[in-house]
Amino acid sequence: MQHTVSTKTLVKASVAAAVVAVIALITLILPAEYNIDPTGIGKQLGLTSIAQATNAEPAAAQALAKGSAEFQTIEIIVPAGRGVEYKFAMPQYAKMTFEWLTDGEPLYYDLHGEPEGDTTGYFESYTIATNSEVKGSFTAPFAGSHGWYWKNKSDKPVAVQLMVKGQYDVIGLKQ
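Residues numbered from 1 in each chain as written. Predicted model: local features only at pLDDT ≥ 70, side-chain atom pairs only at ≥ 80, totals over all residues. Heavy atoms only, no water.

**Q** Just give me the short version of unusual backbone geometry, but keep the residues and values in it.
**A** Of note, the phi angle at Tyr 93 is positive, near 70°, even though the residue is not glycine. For Tyr 93, the location among the structural elements is in the loop between strand 2 (83–90) and strand 3 (95–102). According to the relative accessible area criterion, Tyr 93 is exposed, its value standing at 55%. (Helix = DSSP H or I, 4+ residues; strand = E, 2+ residues; numbered from the N terminus. Buried < 20%, exposed > 50% of the residue type's maximum accessible area, 1.4 Å probe, protein only.)

**Q** Can you tell me about the packing of aromatic side chains, naming the residues and giving the values?
**A** Counting across every chain of the model gives eight aromatic pairs. Both rings, one in Phe 98 and one in Trp 148, keep their centres 4.9 Å apart while their planes meet at 70°; by these two values the pair is edge-to-face. Taken together, the residues Phe 98 in strand 3 and Trp 148 in strand 7 (residues 144–151) connect sequence positions 50 residues apart. Across the pair, Trp 148 and Phe 98 agree in class, each one buried. Three or more aromatic residues link up through ring pairs in this structure, and these residues are Tyr 86, Phe 88, Phe 98, Trp 100, Tyr 109, Trp 148, Trp 150 and Tyr 168. (Phe/Tyr/Trp six-rings, centres within 6.5 Å; stacked < 30°, edge-to-face > 60°.)

**Q** Tell me what's going on with the sheet that holds strand 5 (residues 124–131), and back it up with residues and numbers.
**A** One open sheet accounts for five strands, arranged 5-4-7-2-9; its pairing is antiparallel. Looking at strand neighbours, the two that pair on one side only are strand 5 and strand 9 (169–174), the edges of this open sheet. The sheet shows a mean angle of 15° between the axes of neighbouring strands, taken without regard to direction. (Pairing = 2+ DSSP bridges. Axes fitted to C-alpha atoms, helices over the stretch in contact; angles between N-to-C directions.)

**Q** Please give an account of the side chain of Gln 72 that cites residues and values.
**A** Mapped onto the elements, Gln 72 comes out in strand 1 (residues 72–78). Within the local environment of Gln 72, its side chain forms a polar contact with the side chain of Tyr 168, the two groups lying 2.9 Å apart. (Polar contact = N/O pair within 3.5 Å; in protein donor to acceptor, adjacent residues only side chain to side chain.)

**Q** Residue-level account of a nonpolar patch on the surface, with values.
**A** A surface patch of nonpolar side chains, about 340 Å² in accessible area, is lined by Val 11, Val 15, Val 19 and Ile 23. Of note, Val 11 is situated in helix 1 (residues 7–34). On the accessibility criterion, Val 11 (46% relative accessible area) is partly exposed. (Patch = residues over 30% accessible without salt bridge, like charges linked within 9 Å, V, L, I, M, F, W, Y side chains within 5 Å. Areas by Shrake-Rupley, 256 points an atom, 1.4 Å probe, with all protein chains shown as cover. Salt bridge = Lys/Arg side-chain N within 4 Å of Asp/Glu carboxyl O.)

**Q** Please provide a residue-by-residue account of the pairing of strand 8 (residues 158–166), values included.
**A** Of the pairings in the sheet, the one linking strand 1 to strand 8 comprises seven bridges and is antiparallel in character. Across the sheet, Gln 72 pairs through a bridge with Val 164, a residue of strand 8. The pairing of strand 3 with strand 8 spans seven bridges and is classified as antiparallel. Bridge pairing links Thr 102 to Val 160 in strand 8.

**Q** Could you give an account of the sheet that holds strand 6 (residues 133–139), with specific residues and numbers?
**A** Two orientations exist for strands paired in a sheet by backbone hydrogen bonds: parallel and antiparallel. Pairing is antiparallel in the open sheet, where four strands are placed in the order 1-8-3-6. Two strands bound the open sheet, and with one partner strand each, they are strand 1 and strand 6. Averaged over neighbouring strand pairs, the angle between their axes works out to 20° when direction is ignored. For strand 3 and strand 6, the ladder comprises seven bridges, and the chain directions are antiparallel. In the strand pairing of strand 6, Phe 98 is matched with Gly 136.

The following block contains the structure:
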């Protein structure tokens, strides 16, 4: 037994599906994703709060992501007996002024950079030392990622307060 579907039935089903999709878009998707709620149903269902929470995070991250003429402060925790790397994307000859200090314990550090697009693993170290605070400025000799590797040789976590201003995009912690 074969079932044949008429063109009229297919058109009715398609129109019904389109109507359901438009209703879902207006009442559920727009309020949850974009905080656009023309019917007010999204607010009653709590969907607009999802969009507000989602949109607030990128705005805060974006404020920190771009370089600035004002100092931006970044808090970094270096776990006991471990190392972390914090990086910035910088064009060639971009400038950065920086200062970082720990909550007391000195850290081994390496200020270095990796050329953009390099896949060989090459990096260039600019400063290698052990300190609990450093202040200076830096001009990127090439386009790429530049930043610090800190190693904590103590048996407790160390907090680093990094203050930067200049021409950069934040990459952040590299795993």
